[in-house]
Amino acid sequence: MSVLNHDADDSAFAPEVYLADETATEAFGAALAGALEAGLVIWLTGELGAGKTTLTRGLLRALGHEGNVKSPTYTLVEPYAISRFSLYHFDFYRFNSSEEFLDAGLEEYFGTTGVCLVEWAEKAAPYVPQPDLEVRLEVSGAGRMLRCQPHNERGAACLTRIQKPR
Ligand SMILES: Nc1ncnc2c1ncn2[C@@H]1O[C@H](COP(=O)(O)OP(=O)(O)OP(=O)(O)O)[C@@H](O)[C@H]1O
Ligand SMILES: [Mg+2]
């Protein structure tokens, strides 16, 4: 089984995959972990309970983080120091207005070498920086449908680095 659905000849892929359960969401996060590079901004989009934090947990575990992965719903950002780069996990669900992004001084985290994973980015628009890559999760039956949307060359290059599991 491939992480992303590939054409028969493998020359092109549709960047979408069905995730049957929580373990599959974590496994996708782990695959994405291997494709990260410093400074990437990734939006994780999808409704409440779509699996955005679950994906982030799989990603962080794959990068060697052993502790809990808390939802940043109340703290707005959870920082992680991992070997190759810092990683910042954001959640703006509780914003009443997007100006809270500016009031909290969160721009400082972006445009550095840190990787930014953002849940509920739409609540901080237009102030939150645009993503290199958007990962959308949608409830589909008992599982989730995941679709990736690169927004620029960096995002597209990240997608192509997501390898099939060996
Ligand atoms: N592929 C999947 N199939 C079925 N259930 C899943 C899948 N991935 C994650 N879940 C479950 O979805 C639930 C919600 O996940 P999670 O907290 O990651 O969502 P979220 O998108 O971060 O939500 P929120 O917007 O509230 O932060 C969890 O109980 C998790 O086990
Ligand atoms: Mg969440």
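About the thresholds
- Residues numbered from 1 in each chain as written.
- Chains lettered and ligands numbered in written order.
- Predicted model: local features only at pLDDT ≥ 70, side-chain atom pairs only at ≥ 80, totals over all residues.
- Heavy atoms only, no water.
- Near = heavy atom within 4 Å.
- Polar contact = N/O pair within 3.5 Å; in protein donor to acceptor, adjacent residues only side chain to side chain.
- Areas by Shrake-Rupley, 256 points an atom, 1.4 Å probe, with all protein chains shown as cover.
- Helix = DSSP H or I, 4+ residues; strand = E, 2+ residues; numbered from the N terminus.
- Expected span 1.5 Å × (residues − 1).
- Buried < 20%, exposed > 50% of the residue type's maximum accessible area, 1.4 Å probe, protein only.
- Contact = heavy atoms within 4.5 Å.
- pLDDT = per-residue confidence, 0-100.
- Donors = N, O, S within 2.8 Å, 3.2 Å for Na, K, Ca; no water.

1. A closer look at the site of ligand 1
Reasoning step 1: Residues in close proximity to ligand 1 total 19 residues, the closest being Glu 22, Thr 25, Lys 52, Thr 53 and Thr 54.
Reasoning step 2: Thr 25 is positioned with one of its side-chain polar atoms (N or O) 2.8 Å from a nitrogen atom of ligand 1.
Reasoning step 3: Residue Lys 52 places a side-chain N or O atom 2.7 Å away from an oxygen atom belonging to ligand 1.
Reasoning step 4: Burial of ligand 1 by the protein amounts to 75% of the accessible area it has alone, namely 660 Å².

2. Observations concerning helix α1 (residues 22–33)
Reasoning step 1: Its 12 residues place the ends of α1 17 Å apart at the C-alpha level, agreeing with the 16 Å of an ideal helix rising 1.5 Å per residue.
Reasoning step 2: Those residues of α1 lying buried are Thr 25, Phe 28, Gly 29, Ala 31, Leu 32 and Ala 33.
Reasoning step 3: At its buried positions, α1 is contacted by β3 (16–19), β4 (41–45), α2 (52–62), β8 (133–140), β9 (143–150) and α4 (153–161).

3. Here we look at the confidence of the model for the protein chain
Reasoning step 1: Predicted confidence across the protein chain gives a mean pLDDT of 90, with 89% of residues reaching 70 or more.
Reasoning step 2: Below pLDDT 50 for its whole length, residues 6–14 participates in 11 contacts with residues either more than four positions away or in separate chains.

4. Notes on the coordination of the magnesium ion (ligand 2)
Reasoning step 1: All of the protein donors around the magnesium ion (ligand 2) are Thr 53 (OG1) and Glu 119 (OE); their distances to the metal are 2.1 to 2.2 Å. Here Glu 119 lies in strand β7 (residues 115–119) and Thr 53 lies in helix α2, a separation of 66 residues in the sequence.
Reasoning step 2: Judged by relative accessible area, Glu 119 falls into the buried class, the value being 3%.

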